[in-house]
Amino acid sequence: MRLRIVVDRTTIEVFLDDGRYVQSSQVFAPQGDDGVALYSSGGPATFHDLTITEFGSVVQRPARLLGDFEGEAWGAGWTATGSFAAVGPSMTSLRGQVGTRVADTFAGGGDAATGTITSPAFTIDRNHLHFLLGGGDHPLGVAPAASVQLLVDGQPVRTATGDDSGDLRHVEWDVRDLAGRAAQFQILDDATGEWGHLMVDQIVLSD
């Protein structure tokens, strides 16, 4: 017989011969009883080819909000240069936005506005970085750029740009390879022509 046994804190599932027969039991083990034992009742049994796999916790760490742009200023520790030094988040109603304000580089002079909006340094201690992004399609590396980037040691290691749309789309970066590194999130706008601006909202680190 082939047995597959799944043990959780309060349940045991036994699958016999790849699910031909299944037995489920709810159990409440005494405090400190965290072992697994195999035995037979009513006769001898031999267990062989035994593999025990321990799974990690499925409990996620709480997400970390890096920026929501809901205040009149960019946020604690955020810095801005150029056209954005004297302005702050914009009250607007874009498709996909969260809350009432977003970071919109149209502020401070329209498409002609240029400069950067940069977060304070933070430690990458989650697996993914999420944010909402809209605006012009001007990728980093093709001047003049309008893009967002994740900076490590002052250098961009992830980058994204808009798609010439006023709607905010979800962008997700896998940052597991950067675990433990100090980083900054930056909005860069050097573009001054049509769709020469970006809208950014809800920057979150999560698992």
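This is a predicted model, so every value here is computed, not measured. (Residues numbered from 1 in each chain as written. Predicted model: local features only at pLDDT ≥ 70, side-chain atom pairs only at ≥ 80, totals over all residues. Heavy atoms only, no water.)

Here's the deal with the pattern of salt bridges
- For the coordinates displayed, the defined rule picks out eight salt bridges.
- We note a salt bridge from Asp 18 to Arg 2, for which the minimum N-O separation is 3.1 Å. Placement of the pair is Asp 18 in the loop between β2 (11-16) and β3 (21-26) and Arg 2 in the segment before β1 (3-7), with a sequence separation of 16 residues. Taken individually, Asp 18 and Arg 2 each receive the classification exposed, so the pair is uniform in this respect.
- Salt-bridge contacts for Asp 167 lead to Arg 95; the nearest nitrogen and oxygen are separated by 3.6 Å. One end of the pair, Asp 167, is in strand β13 (residues 165-174); the other, Arg 95, is in the loop between β6 (90-91) and β7 (101-104), and 72 residues separate them in sequence.
- For Arg 95, a relative accessible area of 64% puts it in the exposed group. (Salt bridge = Lys/Arg side-chain N within 4 Å of Asp/Glu carboxyl O. Helix = DSSP H or I, 4+ residues; strand = E, 2+ residues; numbered from the N terminus. Buried < 20%, exposed > 50% of the residue type's maximum accessible area, 1.4 Å probe, protein only.)

Some words on the layout of surface pockets
- In this model, the largest pocket occupies a volume close to 2,200 Å³.
- Taken together, 43 residues make up the lining of the largest pocket; nearest its centre are Ile 5, Val 6, Val 7, Val 36 and Ile 52.
- Residues belonging to the lining of the largest pocket are distributed by class as follows: 23 nonpolar, twelve polar and eight charged. (1 Å grid on protein atoms, 1.4 Å probe; cavity = no way out; pocket = protein on both sides within 12 Å on 5 of 7 lines; lining within 4 Å. Points joined across faces, edges and corners; volume = space filled by probe spheres on them. Nonpolar A, V, L, I, M, F, W, Y, C, P; charged D, E, K, R; others polar.)

Notes on the sheet that holds β2
- In space, the three strands of this open sheet follow the order β1-β2-β3, with antiparallel pairing throughout. Each edge of the open sheet is held by one strand with a lone partner, namely β1 and β3. On average, each strand axis in the sheet is inclined to that of its neighbour by 10 degrees, with strand direction left out of account.
- By the bridge criterion, six bridges tie β2 to β3 in an arrangement that is antiparallel. Residue pairing across strands places Leu 16 opposite Tyr 21, the latter belonging to β3. (Pairing = 2+ DSSP bridges. Axes fitted to C-alpha atoms, helices over the stretch in contact; angles between N-to-C directions.)

Overview of the nonpolar core
- The biggest cluster of nonpolar side chains holds 30 residues, and the ones touching the most others in it are Leu 129, Phe 131, Val 148, Trp 173 and Phe 185.
- Within the residue set of this core, elements represented by two or more residues are β10 (128-135), β11 (146-152), β13, β14 (182-189) and β15 (198-206).
- When near neighbours in sequence (up to four residues on either side) are disregarded, Phe 131 contacts Val 148, Ala 160, Arg 169, His 170, Val 171, Trp 173, Phe 185, Asp 201, Gln 202 and Ile 203.
- One finds Val 102, Leu 132, Leu 168 and Met 199 within the second-largest nonpolar core, a separate group that totals five residues. (Core = buried A, V, L, I, M, F, W, Y, C linked by side-chain atoms within 4.5 Å. Contact = heavy atoms within 4.5 Å.)

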